[in-house]
Amino acid sequence: MSIIVFASSKGGAGKTTAAVILASEFARQGNSKGMIITLIDADPNQHSAKWALKKGCPQNIKIIENSDEDSIIDDIENANQNSAFVIVDLEGTASMSVASAISKADLVIILCQGSQDDADEAIKTIKLIKRQERLLAREISFSVLFTRTNPAITPRTLTYIINEFKKSDIEIFNCSLIDREAFRAIRSFGGVIENLDSKEVSGKDKAIANVLAFTEEVKFKLLNLNK
Ligand SMILES: Nc1ncnc2c1ncn2[C@@H]1O[C@H](COP(=O)(O)OP(=O)(O)OP(=O)(O)O)[C@@H](O)[C@H]1O
Ligand SMILES: [Mg+2]
């Protein structure tokens, strides 16, 4: 029903981590209602598929592995028939798959860490979205999500980047994803943050609160599409 695409031509920007935690939270919230969440892994490195195949992945997350430029549009359309949310994790380059996924998106979330390289790559992704909008003659909603942020301070570089984006009227998430061990841990151990052992992984409750804030903001953006 809603297609959310995680993009950034910068490798390591945080796409897979954000895709996995959003899929997990949607799955938790929708479990009692029988909601299916489809996670499409369109990155040849298959990082989200590796997480989904580990023990502890929620049962109502359906993973589509090895989606590529030939299959991605079919994969998204088929998943959209029976899933409450379709989440697409892309590779960290600009490719045909990336352009195709963006063309099907209700919302593109552009990951950005607080460095100028990340900001420049975010701008490249926005230019690609704008090209797809012209080709398709429709608006494609997008928003920049800052990730791996410091909970205690906002460095001057990040403040500068945020201000530059705001000056250009680029939509930015109010929340960011904080740099937390819990977000790394699920990628290693599999499963969801709620099931991590608080004695082994610090900041679990704060990570859960951060995921909730992110998920609520995504839901708000989806509700307000085209309004
Ligand atoms: N909020 C976070 N807190 C802690 N670590 C994070 C966070 N986000 C990402 N990371 C770590 O940063 C690294 C890169 O993140 P991730 O794999 O999500 O990026 P990516 O954009 O999917 O990369 P690629 O382009 O290579 O697919 C990983 O080691 C991940 O564990
Ligand atoms: Mg990735």
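Presented here is a report on the structure given in the accompanying data block. Worth saying up front: this structure is predicted, and the values here are computed from it rather than measured.

1. Topic: the site of ligand 1
So, point 1. Close to ligand 1 lie 19 residues, the nearest being Gly12, Gly14, Lys15, Thr16 and Thr17.
So, point 2. One of the backbone N or O atoms of Gly12 is found 2.9 Å from an oxygen atom in ligand 1.
So, point 3. Gly14 has a polar backbone atom sitting 2.9 Å from an oxygen atom of ligand 1.
So, point 4. When the free accessible area of ligand 1 is taken as 630 Å², the share hidden by the protein chains comes to 84%.
So, point 5. Taken together, the elements giving at least two residues each to the shell around ligand 1 come down to helix 1 (15-30), strand 6 (141-149) and helix 7 (181-189).

2. Examining helix 3 (residues 72-82)
One full turn of an α-helix is made of 3.6 residues, so residues set three or four places apart face in the same direction.
So, point 1. Residues of helix 3 that are buried: Ile72, Asp75, Ile76 and Ala79. For helix 3, the angular spread of the buried residues around the axis is 95 degrees, confining them to a single face. Looking at helix 3, the residues exposed on the side facing more than 90 degrees away from the buried face are Asn78 and Gln81.
So, point 2. Considering only its buried residues, helix 3 is in contact with strand 1 (2-7), strand 2 (37-42), strand 3 (61-64), strand 4 (85-90) and helix 4 (96-104).

3. Topic: helix 5 (residues 116-136)
So, point 1. Counted at 1.5 Å a residue, the expected span for helix 5 with its 21 residues is 30 Å, and the 30 Å between its end C-alpha atoms agrees.
So, point 2. Contacts from the buried residues of helix 5 go to strand 1, helix 4, strand 5 (107-112), strand 6 and helix 6 (156-167).
So, point 3. Two residues or fewer after helix 5 comes Ala137, characterised by a positive phi angle close to 55 degrees.

4. Concerning the packing of helix 3 against helix 4
So, point 1. Two elements in contact, helix 3 and helix 4, have axes whose closest approach is 9 Å; the angle formed by their N-to-C orientations is 30 degrees. By the criterion of interaxial angle, the relationship of helix 3 to helix 4 is roughly parallel. You can see that helix 3 and helix 4 cross each other, and the crossing is right-handed. From helix 3, Ile72, Ile73, Ile76 and Glu77 reach across to helix 4, where they touch Ser97, Ser100, Ala101 and Lys104.
So, point 2. Taken together, the residues of the contact of helix 3 with helix 4 break down into four nonpolar, two polar and two charged.

5. A look at the sheet that holds strand 4
So, point 1. Pairing is parallel across the open sheet formed by seven strands, whose spatial order is 3-2-4-1-5-6-7. With one partner strand each, in any of the chains shown, strand 3 and strand 7 (177-178) form the two edges of the open sheet.

6. Notes on unusual backbone geometry
So, point 1. Phi angles above zero are rare outside glycine, and Asn66 is one such case at about 50 degrees.
So, point 2. Along the chain, Asn66 falls in the loop between strand 3 and helix 3.
So, point 3. With phi around 60 degrees, Arg148 is a residue other than glycine that occupies positive phi space.
So, point 4. Along the chain, Arg148 falls in strand 6.

Reading guide: rules and limits
Residues numbered from 1 in each chain as written. Chains lettered and ligands numbered in written order. Predicted model: local features only at pLDDT ≥ 70, side-chain atom pairs only at ≥ 80, totals over all residues. Heavy atoms only, no water. Near = heavy atom within 4 Å. Polar contact = N/O pair within 3.5 Å; in protein donor to acceptor, adjacent residues only side chain to side chain. Areas by Shrake-Rupley, 256 points an atom, 1.4 Å probe, with all protein chains shown as cover. Helix = DSSP H or I, 4+ residues; strand = E, 2+ residues; numbered from the N terminus. Buried < 20%, exposed > 50% of the residue type's maximum accessible area, 1.4 Å probe, protein only. Arc of directions from axis to C-beta. Contact = heavy atoms within 4.5 Å. Expected span 1.5 Å × (residues − 1). Axes fitted to C-alpha atoms, helices over the stretch in contact; angles between N-to-C directions. Parallel < 35°, antiparallel > 145°, perpendicular 65-115°, else oblique. Left-handed = near helix turned anticlockwise from the far one by under 90°. Nonpolar A, V, L, I, M, F, W, Y, C, P; charged D, E, K, R; others polar. Pairing = 2+ DSSP bridges.

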